[in-house]
Amino acid sequence: ERLSADANYVLERVRSPSFIRFPERQPWYKPVTAETLHYYLCNTQRRLIKELLPKYILDFSLFAYPL
């Protein structure tokens, strides 16, 4: 969600020359939408989702993602 801002921060912290820039997002990139998320969650076995949840629960908490 904050890739551009974070990349700029890192470039500033390492004192990179001003002409160095993090690349812009490519036009073919399609971010996850509510519809695509719904599609993948509805087409994934519940067993697999239950197995993955403990692995990512800290990410959900840290970044305030809704369960």
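Bear in mind the structure is a predicted one, so any value in this text is a computation, not a measurement. (Residues numbered from 1 in each chain as written. Predicted model: local features only at pLDDT ≥ 70, side-chain atom pairs only at ≥ 80, totals over all residues. Heavy atoms only, no water.)

**A few points about the pattern of salt bridges**
Evaluation of the coordinates by the stated rule reveals 2 salt bridges. Across the salt bridge formed by aspartate 6 and arginine 2, the nearest N and O atoms sit 3.0 Å from each other. For arginine 2, a relative accessible area of 52% translates into the label exposed. (Salt bridge = Lys/Arg side-chain N within 4 Å of Asp/Glu carboxyl O. Buried < 20%, exposed > 50% of the residue type's maximum accessible area, 1.4 Å probe, protein only.)

**A few points about the packing of aromatic side chains**
Applying the stated rule across the entire model yields 3 aromatic pairs. Where phenylalanine 60 meets tyrosine 65, the ring centres are 6.0 Å apart and the plane angle is 80°; that geometry is what we call edge-to-face. With a relative accessible area of 25%, phenylalanine 60 lands in the partly exposed category. In this structure tyrosine 65 comes out as partly exposed when scored by relative accessible area, which is 33%. Between the aromatic rings of phenylalanine 63 and tyrosine 65, the centroid separation amounts to 5.9 Å while the plane-to-plane angle is 40°, which identifies the pairing as tilted. Classification of phenylalanine 63 as partly exposed rests on a relative accessible area of 48%. Connected via pairs of aromatic rings, a cluster forms that spans Phe60, Phe63 and Tyr65. (Phe/Tyr/Trp six-rings, centres within 6.5 Å; stacked < 30°, edge-to-face > 60°.)

**Some remarks on the layout of surface pockets**
Roughly 640 Å³ of volume is contained in the largest pocket. Surrounding the largest pocket, 15 residues form its lining, Leu37, Leu41, Ile49, Tyr56 and Phe60 being those nearest its centre. Elements with a minimum of two residues in the lining of the largest pocket: α2 (34-42) and α3 (46-62). When residues in the lining of the largest pocket are grouped by element, the largest group, 5 residues, is from α3. When its residues are assigned to classes, the lining of the largest pocket shows 12 nonpolar, 2 polar and 1 charged. By volume, the second largest pocket amounts to about 280 Å³. Grouping the amino acids of the lining of the second largest pocket by side-chain chemistry returns 3 nonpolar, 2 polar and 5 charged. (1 Å grid on protein atoms, 1.4 Å probe; cavity = no way out; pocket = protein on both sides within 12 Å on 5 of 7 lines; lining within 4 Å. Points joined across faces, edges and corners; volume = space filled by probe spheres on them. Helix = DSSP H or I, 4+ residues; strand = E, 2+ residues; numbered from the N terminus. Nonpolar A, V, L, I, M, F, W, Y, C, P; charged D, E, K, R; others polar.)

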